[in-house]
Amino acid sequence: MLFKGSCVALATPFDENGVNKPAFERLVEFQITEGTDALLVCGTTGEPSTMTAEETKDAIECVVDKAAGRVPVIAGVGGNNTGKCIKTARLAAALGADAVLAVTPYYNKCTETGLIAHFTAIADASVKPVMLYNVPARTCVNVSPAAAEKLAAHPNIIGIKEASGNISQIAETARLTAGNFDIYSGNDDQIQPILSLGGMGVVSVLANIMPRYTHDLVSAYLKGDPARACEMQLKVLPLVSALFCEVNPIPVKTALRLMGYEMGELRLPLCEMATDNLNNLKEQLSLFGLI
C-alpha cells in the first residue's frame, strides 16, 4: 500500500519565473507538519496543463526534495498522449517520486479497450507504482468497474483515485477488485462514504487549507470511529462546496492567498473568482478560523 489516510493534491505557487520554489517548500512543510500522509504534485489542482516541461520538472523536484522521504510523493503524469505520459512517468521516477498518478485520456478520448491499453502501457513502462485517476466530469472518459477489474490485475497498478461521484459504481469497483486494488476518494464530499466501502483514504483539495482536519477525518474512520468521521464530513460540507463553487483550483488557490500563502496569479484560462463566490468563500474560511 502506497499510503493510508489523506494525500493533498497540492496547488502550485507560480511567480514571473515559473514555479515559486520557496513558496512551494513552505506549503510542503505546512502539509507535513500538519499530518498529511502523502503529497500529490502536478495533479489537477497543481495546474499541470499550463506548465512547461521545465516547470513540471521543477515542481516534482521541489516537492520530492522538501519532503525528503518523510511522506510518499506521487507525481501526476496523466494526459491524452500515452507516449508523453510514459516520458513524464520516467522523469518523475528519476526525480525521486514514489508513485505516479495517471488520469483517463481527455479530448481525443478512447474506447474501453484503448483505455486499458493506455494505462497498461504506462504501467509496463513505469518503474514506480501507478495509481489511476477517474474523473469523467473533466475527461468524459469513465473507468468502469469491469475495466478497473482488468487493470487491477496488473502488478504495477496499485489503486485508483475515484472522483466519478457515482457511489454505486465505486461499490461495484470495490467488489470486483477486492484485495488487488486500493480505492481513494477523489471528492472531498465523499471521503467517509468511500471509506465505508473499503477505501484507504482521500486525495484531497480540502487538505491544502485543512490538512490536519482531513487527516483526522480519515483517521477517525480507520481507527473505528465512523460516527466521528461522519460528523466531521458533514460539518465541512459548506466549506467543500465553497472550494468547488468555481472550477478547481480557482477557489483553493484563492483561499491559500487569503491565508497568507504566496500563490501568484492564476494562469489562463483560469481567472479570478466572481465577487459573490469570493464573499462566500471568505465567510466559510472565517467560520473555520482559517482567516
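Attention here is on the structure that accompanies the text. (Residues numbered from 1 in each chain as written. Predicted model: local features only at pLDDT ≥ 70, side-chain atom pairs only at ≥ 80, totals over all residues. Heavy atoms only, no water.)

Here we look at the layout of surface pockets
There is about 920 Å³ of room inside the largest pocket. Surrounding the largest pocket, 34 residues form its lining, P48, S49, G78, G79 and Y106 being those nearest its centre. If you list the elements that add at least two residues to the lining of the largest pocket, you get helix 2 (53-67), helix 3 (82-95), strand 6 (99-103) and helix 5 (136-139). A breakdown of the residues in the lining of the largest pocket according to their chemical character gives 16 nonpolar, 14 polar and four charged. Empty space within the second largest pocket amounts to approximately 350 Å³. Forming the walls of the second largest pocket are 17 residues, and the residues nearest its centre are V135, R138, G186, N187 and F244. Partitioning the lining of the second largest pocket into residue classes produces seven nonpolar, six polar and four charged. (1 Å grid on protein atoms, 1.4 Å probe; cavity = no way out; pocket = protein on both sides within 12 Å on 5 of 7 lines; lining within 4 Å. Points joined across faces, edges and corners; volume = space filled by probe spheres on them. Helix = DSSP H or I, 4+ residues; strand = E, 2+ residues; numbered from the N terminus. Nonpolar A, V, L, I, M, F, W, Y, C, P; charged D, E, K, R; others polar.)

Comments concerning the sheet that holds strand 5 (residues 73-76)
With parallel pairing, the eight strands of this closed barrel are ordered in space as 1-4-5-6-7-8-9-10. In this sheet, neighbouring strand axes are inclined to one another by 25° on average, regardless of whether the strands run parallel or antiparallel. In the packing of helix 2 onto the sheet, contacts are made with strand 4 (38-41) and strand 5, and the angle to strand 4 comes to roughly 165°. (Pairing = 2+ DSSP bridges. Axes fitted to C-alpha atoms, helices over the stretch in contact; angles between N-to-C directions. Contact = heavy atoms within 4.5 Å.)

A short note on the side chain of T12
Tracing the backbone shows T12 in the loop between strand 1 (5-9) and strand 2 (14-15). Assessed through its relative accessible area of 0%, T12 is described here as buried. For T12, the side chain forms a polar contact with the main-chain oxygen of G46, separated by 2.8 Å. (Buried < 20%, exposed > 50% of the residue type's maximum accessible area, 1.4 Å probe, protein only. Polar contact = N/O pair within 3.5 Å; in protein donor to acceptor, adjacent residues only side chain to side chain.)

A short note on the side chain of T36
By the secondary structure assignment, T36 is in the loop between helix 1 (21-33) and strand 4. Within the local environment of T36, its side chain forms a polar contact with the side chain of Q31, the two groups lying 2.6 Å apart. Setting aside residues up to four positions removed in sequence, T36 forms contacts with S6, V8, Q31, V71 and P211.

Brief notes about the pattern of salt bridges
Evaluation of the coordinates by the stated rule reveals nine salt bridges. The salt bridge partner of R70 is E29, with a shortest N-O separation of 2.9 Å. Linking R70 in the loop between helix 2 and strand 5 with E29 in helix 1, this pair joins segments that are 41 residues apart in sequence. Owing to a relative accessible area of 26%, E29 belongs among the partly exposed residues under this scheme. The closest approach of N and O atoms between R228 and E231, which form a salt bridge, is 3.5 Å. With R228 and E231 both in helix 10 (residues 226-243) and three residues apart, the pair spans about one turn of that helix. We classify R228 as partly exposed; its relative accessible area is 38%. Members of the salt-bridge network, linked through shared partners, are E29, K66 and R70. (Salt bridge = Lys/Arg side-chain N within 4 Å of Asp/Glu carboxyl O.)

As for helix 12 (residues 275-287)
With 13 residues, helix 12 extends 18 Å from end C-alpha to end C-alpha; this agrees with the ideal 18 Å at 1.5 Å per step. For helix 12, every residue scored as buried is listed here: L281, Q284 and L285. For helix 12, the arc enclosing every buried residue in end-on projection is 100°, short of the 170-degree limit, so these residues lie on one face. Projecting away from the buried face of helix 12 at angles above 90 degrees are the exposed residues T275, D276 and L287. Where helix 12 is buried, its residues meet helix 10 and helix 11 (250-258). Immediately downstream of helix 12, the backbone of G289 shows phi near 70°, a positive value. (Expected span 1.5 Å × (residues − 1). Arc of directions from axis to C-beta.)

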